[in-house]
Amino acid sequence: MAIDKTKYLSKKLQNMSESATLKMAQKARDLRAQGKDVISLSIGQPDFDTPEHIKEYAKKALDEGFTKYTPVPGLPDLREAISQKFKRDNNLDYSKDQIVVSNGAKQTIANIMLSLLNPGDEVIIFTPYWVSYNDIVRFAGGTPVFVKAGIEKDFKVTPDQLEAAINPKSKIVLFSSPCNPTGSVYSHDELLALAKVIDKYDNLFVVSDEIYEHINFLGKHTSIGEFDIVKDQTITVNGFSKGFAMTGWRLGYMGAPDWLAKACAKVQGQFTSGANAFGQKAAAEALSGDMGPTQNMKAAFLRRKELVLSLINDIPGITCNNPDGAFYIFPNISKLYGRSNGLLTINNSNDFSNIILSEAHVAVVAGAAFGDDQCFRLSYAAADEQLVEALARMKDVLQNFK
Ligand code: PMP
Ligand code: GLU
């Protein structure tokens, strides 16, 4: 008799949810393996390949023997290149020793939370949030506090909302701009206004996730850490996955105060020993190399955004704002709630994404996973033809829901 042994799993693990984005991407792969023609707009990764010149750097690095462990916080060459990049692109002063390179920005964020949080410490998470923030914070022992902005505010939290959420237990403010899942971008002035609130609380840190820096349709990206008033409170997170189409390389990094960079390296030294050597060597070259491919990808994303917006706005019952960055739209579907096709009913965002997957064979992610059950996330990092087909299928299926 098969006995369910999952009860032996740690409480910590039992309390952790599976990543909804990765789960949906796997569901789509499984259905495809069964021969179904599934269009996956679920996972957030550029559909482009890593630029040729970066792949060449990696091949060269392998031939040159970059096949051993590197220093835990990263190859000195790469940390130096990141330090220069922060200065050049973001007006941020982080010395090489304030930089830690990890296996993706996801590990960077985990390192930070494991280094800073004690049980009961609160992390203010701007909501809608990237799916993993919630679980990483809880796994590290912290308590997430969700400060939410809806579509009517372009999904952007105001300084007053932030101030109202702060109390003596607050330790970290965590957000992404450009934002996953909404695509919203906080302007220079909006970030300055948030910085003025954070500045009032010496024991508060801000983790600024800037992984979509290069996919910003407004022009110049602003980092909150560039404001002197919060410089010592800011941890700037970034990585190679999105801007350089390097998701599978698993390379992310942060700039942080010295003491925190040391702490994160200590955690990493016990968990992974650091990121892979030849990837780091190539990444160092990428930072000072040709940005043409990154610019071209951004142009493609902008074009596709216009395409998906025109198609989604043509579906009755769906409302969408016009995001300024990343490669997601986060449409509101609450007008569809309660509608049925006779067999299936849409009562929430999970129903919606399940129905769209089973009936239209299009994979999207329920907004509930990002803290907003009124919406769903669609990644438009896919070929134009796929986007057109996916939205036509969605429209067809939804018109039977009355
Ligand atoms: N932050 C945000 C906002 C993301 O969307 C992602 C997803 N890639 C990450 C961090 C993690 O990226 P990676 O681990 O691939 O560097
Ligand atoms: N960050 C991407 C997403 O939101 C990749 C998957 C993940 O790591 O969650 O889809």
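Residues numbered from 1 in each chain as written. Chains lettered and ligands numbered in written order. Predicted model: local features only at pLDDT ≥ 70, side-chain atom pairs only at ≥ 80, totals over all residues. Heavy atoms only, no water.

S.K.: How would you explain the packing of helix α5 (residues 105-116) against helix α6 (residues 131-139) if you had to name every residue and give the values?
M.R.: Across the interface, α5 lies against α6 with an axial gap of 9 Å and an inter-helix angle of 35 degrees. Of the two elements, α5 crosses α6, and the hand of that crossing is right-handed. Contacts from Lys106, Ile109, Ala110 and Met113 of α5 reach α6 at Ser132, Tyr133, Ile136 and Val137. Taken together, the residues that form the contact of α5 with α6 break down as six nonpolar, one polar and one charged. (Axes fitted to C-alpha atoms, helices over the stretch in contact; angles between N-to-C directions. Helix = DSSP H or I, 4+ residues; strand = E, 2+ residues; numbered from the N terminus. Left-handed = near helix turned anticlockwise from the far one by under 90°. Contact = heavy atoms within 4.5 Å. Nonpolar A, V, L, I, M, F, W, Y, C, P; charged D, E, K, R; others polar.)

S.K.: Could you give an account of the site of ligand 2, with specific residues and numbers?
M.R.: Near ligand 2, the surroundings consist of Ser19, Thr21, Leu22, Ile43, Gly44, Lys106, Trp130, Asn180, Lys242, Tyr328 and Arg377. Trp130 places a side-chain nitrogen or oxygen 3.1 Å from an oxygen atom of ligand 2. Side-chain polar atom of Lys242 to a nitrogen atom of ligand 2: 3.3 Å apart, as the coordinates give it. Contact with the protein chains hides 89% of the accessible area of ligand 2, taken as 270 Å² for the molecule alone. In this structure, ligand 2 is accommodated by the second largest pocket. (Near = heavy atom within 4 Å. Polar contact = N/O pair within 3.5 Å; in protein donor to acceptor, adjacent residues only side chain to side chain. Areas by Shrake-Rupley, 256 points an atom, 1.4 Å probe, with all protein chains shown as cover. 1 Å grid on protein atoms, 1.4 Å probe; cavity = no way out; pocket = protein on both sides within 12 Å on 5 of 7 lines; lining within 4 Å. Sits in = over half its atoms within 2 Å of the grid points.)

S.K.: Please set out the sheet that holds strand β2 (residues 99-102) residue by residue, giving values where relevant.
M.R.: Read across the sheet, seven strands follow the order β2-β8-β7-β6-β5-β3-β4 without closing on themselves; strand pairing throughout is mixed. The sheet terminates laterally at β2 and β4 (143-148), the two strands that pair on one side only. Across this sheet, the average inter-strand angle for adjacent strands is 20 degrees, counted without regard to direction. Both strand β5 (residues 170-176) and strand β6 (residues 205-209) contribute to a ladder of five bridges, which runs parallel. Bridge pairing links Ser176 to Asp209 in β6. Packed onto the sheet, α5 meets β2, β3 (122-127), β5, β6, β7 (234-239) and β8 (252-255) and runs at close to 155 degrees relative to β7. Helix-sheet contacts for α6 involve β3, β4, β5 and β6, and the interaxial angle to β4 is about 150 degrees. (Pairing = 2+ DSSP bridges.)

S.K.: Give a detailed account of the pairing of β2, specifying residues and quantitative values.
M.R.: Where burial is concerned, the two faces of β2 agree: the one with Ile99 and Val101 and the one with Val100 and Ser102 are both buried. Relative to β8, β2 is paired through four bridges, and the arrangement is antiparallel. Note on β8: the bridge partner recorded for Val101 is Tyr253. (Buried < 20%, exposed > 50% of the residue type's maximum accessible area, 1.4 Å probe, protein only.)

S.K.: Describe the environment of Ala256, and please don't skip the residues or the numbers.
M.R.: Summarising the element assignment, Ala256 is placed in the loop between β8 and α9 (258-271). Here Ala256 falls in the buried class, since its relative accessible area comes to 0%. Non-local contacts of Ala256, meaning those with residues more than four positions away in its chain, are made with Tyr94, Gln98, Thr234, Ile235 and Ala261.

S.K.: Help me get a handle on empty space enclosed by the protein, residues and values and all.
M.R.: In the structure shown here, the tally under the stated rule is three cavities of 30 Å³ or more. Estimated volume of the largest cavity: approximately 70 Å³. Lining the largest cavity are 13 residues, and of these Phe126, Pro128, Ser176, Cys179 and Tyr186 lie nearest its centre. Listed by contribution, the elements that provide at least two residues to the lining of the largest cavity are β3 and β5. Grouping the constituent residues of the lining of the largest cavity by class yields ten nonpolar, three polar and no charged. (Points joined across faces, edges and corners; volume = space filled by probe spheres on them.)

S.K.: I'd love a proper account of unusual backbone geometry, names of residues and values included.
M.R.: Each neighbour pair has its own omega, and for Ser177 with Pro178 the value is -10 degrees, a cis peptide bond. As for its position among the elements, Pro178 is in the loop between β5 and α8 (188-199). In this structure, Pro181 follows Asn180 across a cis peptide bond, with omega equal to 25 degrees. With respect to the element layout, Pro181 can be found in the loop between β5 and α8. Despite not being glycine, Asn91 has its phi angle at roughly 60 degrees, a positive value. Taking relative accessible area as the criterion, Asn91 reaches 46% and is therefore assigned partly exposed.

S.K.: Could you give me a rundown of the side chain of Asn111, with the residues and numbers involved?
M.R.: Along the polypeptide, Asn111 turns up in helix α5. Of note is the side chain of Asn111, whose polar atom sits 3.3 Å from the side chain of Ser102. At 2.9 Å, the side chain of Asn111 and the side chain of Gln268 are in polar contact.

S.K.: Please give an account of the sheet that holds strand β13 (residues 365-366) that cites residues and values.
M.R.: The three strands lie next to each other as β9-β14-β13, forming an open sheet whose pairing is antiparallel. In this open sheet, the two edge strands, each paired with only one partner strand, are β9 (328-329) and β13. For β9 and strand β14 (residues 376-379), the ladder comprises two bridges, and the chain directions are antiparallel. In the strand pairing of β14, Tyr328 is matched with Ser379.

S.K.: Run through the site of ligand 1, naming residues and quoting values.
M.R.: Of all residues adjacent to ligand 1, which total 13 residues, the nearest are Ala105, Asn180, Asp209, Ser241 and Lys242. Asn180 places a polar side-chain atom, nitrogen or oxygen, 2.6 Å from an oxygen atom of ligand 1. Note that a nitrogen atom of ligand 1 is positioned 2.5 Å from one of the side-chain N or O atoms of Asp209. If ligand 1 stood free it would expose 390 Å²; the protein chains cover 94% of that surface. A majority-of-atoms criterion places ligand 1 in the second largest pocket. Class assignment for the residues of the shell around ligand 1 results in five nonpolar, four polar and four charged.

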